[in-house]
Amino acid sequence: MAMSPTAVVVRRAFAAASQGSHEGGARTWKILSFVLALPGVGVCMANAYMKMQAHSHDHPEFVPYPHLRIRTKPWPWGDGNHSLFHNSHTNALPTGYEGPHH
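Criteria and thresholds
Residues numbered from 1 in each chain as written. Predicted model: local features only at pLDDT ≥ 70, side-chain atom pairs only at ≥ 80, totals over all residues. Heavy atoms only, no water. UniProt positions renumbered as here; feature names shortened; annotations may be inferred. Helix = DSSP H or I, 4+ residues; strand = E, 2+ residues; numbered from the N terminus. Contact = heavy atoms within 4.5 Å. Areas by Shrake-Rupley, 256 points an atom, 1.4 Å probe, with all protein chains shown as cover. Phe/Tyr/Trp six-rings, centres within 6.5 Å; stacked < 30°, edge-to-face > 60°. Buried < 20%, exposed > 50% of the residue type's maximum accessible area, 1.4 Å probe, protein only. Polar contact = N/O pair within 3.5 Å; in protein donor to acceptor, adjacent residues only side chain to side chain. Expected span 1.5 Å × (residues − 1). Bend = angle between axes of the 7 residues up to and from the residue. Patch = residues over 30% accessible without salt bridge, like charges linked within 9 Å, V, L, I, M, F, W, Y side chains within 5 Å. Salt bridge = Lys/Arg side-chain N within 4 Å of Asp/Glu carboxyl O.

As recorded in an unreviewed UniProt entry, the protein chain goes by the name Cytochrome c oxidase subunit, listed as coming from Carassius auratus. According to the UniProt record, the Sequence similarities (unreviewed entry) comment for the protein chain reads "Belongs to the cytochrome c oxidase subunit 6A family."

Structure (structure tokens):
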């Protein structure tokens, strides 16, 4: 099957482009890292900081749902009521939060 003259030109152009050297690839990625990646990380950090400043630090009201915080037997460490990675600032016990937050 014969190809049209336009298709032949396009095919040769793509074939010639694939034969080019790969020099400057590291330089291109280095420039992209400094121009795009680092400012992008800075913008994400600023966004997280601003959201943290606007966030309320109050606990939500404790609701003792029966399907959450089920203790059929005590944990084998500590007082048996706190999980291994318990955080008193964020994790509630079956009876509620442990006390004032900061």
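Now that the structure has been shown, we can carry on.
*Asks:* Report on the overall build of the protein chain, specifying residues and quantitative values.
*Replies:* Looking only at helices and strands, the protein chain features two helices and zero strands. For the protein chain, the share of sequence-separated contacts (at least 6 apart) that also reach a separation of at least 24 residues comes to 36%. Counting every atom, the protein chain has about 9,200 Å² of accessible surface; 65% of that belongs to carbon and sulfur.

*Asks:* Before we move on, could you go through unusual backbone geometry and cite the residues and values that matter?
*Replies:* Excluding glycine, a negative phi dihedral is what most residues carry, and trans is how most peptide bonds are arranged. Residue Arg69 is not a glycine yet carries a positive backbone phi of 55 degrees. Here Arg69 is to be found in the segment after helix H2 (25-54).

*Asks:* Talk me through the packing of aromatic side chains; I want residue IDs and the actual numbers.
*Replies:* Think of a pair of aromatic rings as described by two things: how far the centres are apart, and how the planes are tilted against each other in angle. Summed over the entire model, instances satisfying the criterion amount to two aromatic pairs. The interplanar angle of 75 degrees and the centroid separation of 6.1 Å between the aromatic rings of Phe62 and Tyr97 together place this pair among those described as edge-to-face. Of the two residues, Phe62 sits in the segment after H2 while Tyr97 sits in the segment after H2, which places them 35 residues apart along the sequence. Here Tyr97 falls in the partly exposed class, since its relative accessible area comes to 28%. Here the aromatic rings of Trp75 and Trp77 are separated by 5.4 Å at their centres, their planes lie at 20 degrees, and the arrangement is stacked.

*Asks:* Tell me about the side chain of His82, residues and numbers included.
*Replies:* Turning to its location among the elements, His82 is positioned in the segment after H2. Polar contacts involving the side chain of His82 include one to the side chain of Glu98, which spans 3.3 Å. Beyond its immediate chain neighbours, meaning those up to four positions away, His82 contacts Trp75, Trp77, Leu93 and Glu98.

*Asks:* With reference to specific residues and values, describe H2.
*Replies:* In a regular helix each residue adds 1.5 Å, so 30 residues correspond to 44 Å; H2 covers 42 Å between its end C-alpha atoms and thus fits that length. Residue Ser33 marks the point of greatest curvature in H2, where the axis turns by about 35 degrees.

*Asks:* Describe in detail a nonpolar patch on the surface, supporting the description with residues and values.
*Replies:* A contiguous nonpolar patch, built from Trp29, Ile31, Leu32, Phe34, Val35, Leu36 and Leu38 and spanning about 760 Å² of accessible area, is present on the exposed surface. Secondary-structure assignment places Leu32 in helix H2.

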